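# Structure at a glance
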Amino acid sequence: MSEIQLLPLAKPQPDYREFIQAVTTDYEPRRPRLVEYLMNPPIQKAIMALLDRPWVDINDHPIHEQRGDDTKPAPAGQDRVKAYYDNFIQMWYRLGYDFVRMELAMDFPRYHRPGGDQGRTYSETARGPIQSWEDFEKYPWPTWTDADFFPYEYVAKTMPDGLGLICCHAAGPLEWVDMLMGYEFLCIALYEQPDLVRAVADKVESVVSGYIDRLLQVPRIIAYFQGDDMGFRTGTLIGPDPLRQYILPIHKRYAAKAHAKGIPYFLHSCGQIHDIMPDLINDVKIDAKHSVEDAIDPVQEWKRRYGQKIGILGGVDIDKLTRLSPADLRKYVRQIIDDCAPGGHFALGSGNSIPDYIPVENYLTMLDEALR
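Below is a short write-up of the structure.

The rules behind these values
- Residues numbered from 1 in each chain as written.
- Predicted model: local features only at pLDDT ≥ 70, side-chain atom pairs only at ≥ 80, totals over all residues.
- Heavy atoms only, no water.
- Pairing = 2+ DSSP bridges.
- Helix = DSSP H or I, 4+ residues; strand = E, 2+ residues; numbered from the N terminus.
- Axes fitted to C-alpha atoms, helices over the stretch in contact; angles between N-to-C directions.
- Buried < 20%, exposed > 50% of the residue type's maximum accessible area, 1.4 Å probe, protein only.
- Phe/Tyr/Trp six-rings, centres within 6.5 Å; stacked < 30°, edge-to-face > 60°.
- Lys NZ or Arg CZ within 6 Å of the ring centre and 35° of its normal.
- Core = buried A, V, L, I, M, F, W, Y, C linked by side-chain atoms within 4.5 Å.
- Contact = heavy atoms within 4.5 Å.
- Salt bridge = Lys/Arg side-chain N within 4 Å of Asp/Glu carboxyl O.

Ordered by their spatial adjacency, seven strands build an open sheet running S1-S4-S5-S6-S7-S8-S9, and the pairing between neighbours is parallel. The open sheet is flanked by strand S1 (99-104) and strand S9 (346-350), the only strands paired with a single partner. Between one strand axis and the next, the sheet turns through 25° on average, direction left out of account. Pairing of strand S5 (residues 221-227) with strand S6 (residues 265-268) involves four bridges; the strand directions are parallel. Counted as the bridge partner of Gln 226 is Leu 267 from S6.

Listed below in structure tokens is the structure:
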């Protein structure tokens, strides 16, 4: 990593106000502000080694989930939680971000398929735990009053000055409806049981809305950054009209909660969702959009089409972030900065997230180029 000269930062100078200004207005900061959605634990572990901090696994053993079973690891003790989030804060801080981003979720029991090594699992797509009204009535719906907000509150009171907190309830309304009904079943139910789809969507919203109301009471929150994957390579996962009917109104109400708090509402959504972008901008009133890939449209096209109305977040294509040499990656990142920084409404980061297959050197190269 000889070409990485600035990281980890010895004396970070985070400025969450400048980050929000750079994303939500035409302000052009001295350097592009950084943004990220998620960093997988193996990447976090590598960063801890770089910071010469001992790695703390928040769980004592890996998660082993089987199809139809929602077995989870034993809850971590509070001291371990504090130690983990002390590291978590330092990771964002020393890498040059202006915020710490967190997302936790209530326990919605659902089906999984085992995913091989590192305890990975994948959501079952063929079927979910709710496929009938009887299933709906028997489902053990969680309640926000049982949720643990200690990690958010601990981070909020422990962060260094200049950092803000960006958070959400993990997974968006379409993702939860998808996971609870199963994607294949959901697609059929939109035609054969629309009343059941409506009931599941409404119930998900009622449960999560209480969580959001409580979460927004945590101090130092500077943005609500909701993830909800609504697209794939060539279009939306369900039709634009069903999205407008069942899902986008929920986002609109989530966004209204953030705006009532005086903070922006950011949306992460993978895939080709141009058909619903006017709805997201004009009706839902998102303040920024995250997740792009060059195979659909490079970030420059997103900036050209929408950058006068909303912020464009990220932009560094995951495939290129994974496979380019550090030298070529620098040139690619520099071109994105040159093209997208003018006119504001922009922050630089990955086009999606930082999974464990991205070389740590490449991840740091992206950040280092922006910090220069």
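Attention now moves to the pairing of strand S4 (residues 164-169). Burial analysis of S4 places six of its six residues in the buried class, which makes it a mostly covered element. Residues Gly 164, Ile 166 and Cys 168 point to one face of S4 and Leu 165, Cys 167 and His 169 to the other, with burial holding for every one of them. With six bridges joining them, S1 and S4 adopt parallel strand pairing. Bridging across to S4, Leu 104 finds its partner in His 169. Bridging between S4 and S5 involves three bridges; their strand directions are parallel. Opposite Cys 167, over in S5, you have Tyr 224 as the bridge partner.

In this structure the tally under the stated criterion is 22 aromatic pairs. Ring geometry for Tyr 224 versus Tyr 265: centroids 5.9 Å apart, planes at 5°, classification stacked. Of this pair, Tyr 224 sits in strand S5 while Tyr 265 sits in strand S6, placing them 41 residues apart in sequence. What links up through ring pairs into an aromatic cluster is the set Phe 19, Tyr 37, Trp 55, Tyr 84, Tyr 85, Phe 88, Trp 92, Tyr 97, Phe 99, Phe 225 and Phe 266. Over the ring of Phe 225 we find Arg 101, and its NZ or CZ is 4.9 Å from the ring centre. The ring of Trp 302 carries the charged tip of Lys 289 above its face, separated from the ring centre by 4.7 Å.

Here the residue pair Leu 7 and Pro 8 is connected by a cis peptide bond, since its omega of -5° sits within 30 degrees of zero. Looking at where Pro 8 falls in the secondary structure, it is placed in the segment before helix H1 (16-24). One non-glycine residue with positive phi stands out, namely Ala 171, at about 75°. The class for Ala 171 is buried, based on a relative accessible area of 16%.

Before going further, it helps to examine the nonpolar core. Counting residues in each nonpolar core, the largest one holds 124 residues, and the members touching the most others are Phe 19, Val 200, Met 230, Leu 280 and Tyr 363. Per element, the largest residue contribution to this core is 11 residues, and it comes from helix H8 (residues 194-215). Discounting chain neighbours no more than four positions away, the residues touching Phe 19 are Arg 33, Leu 34, Val 35, Asp 98, Phe 99, Ile 166, Ile 222, Phe 266 and Ala 347.

As for its placement among the helices and strands, Ser 269 is situated in the loop between S6 and helix H10 (277-284). A relative accessible area of 0% places Ser 269 in the buried class. Residues in contact with Ser 269, not counting those within four places in the same chain, are Asp 228, Asp 229, Met 230, Gly 231, Lys 289, His 290 and Ser 291.

Tallied over the entire structure, the rule returns 20 salt bridges. A salt bridge links Arg 33 to Glu 18; the shortest N-O distance between them is 3.0 Å. A residue pair is termed long-range when its members are at least 10 positions apart, and Arg 33 in the loop between H1 and helix H2 (41-50) and Glu 18 in helix H1 qualify at 15 residues. In this structure, Arg 33 and Glu 18 share a single accessibility class: buried. When the shortest N-O distance is used, the salt bridge between Glu 124 and Arg 113 registers 2.9 Å. One end of the pair, Glu 124, is in the loop between strand S3 (121-123) and helix H4 (133-138); the other, Arg 113, is in strand S2 (residues 112-114), with 11 residues separating them in the sequence. Owing to a relative accessible area of 2%, Glu 124 belongs among the buried residues under this scheme.

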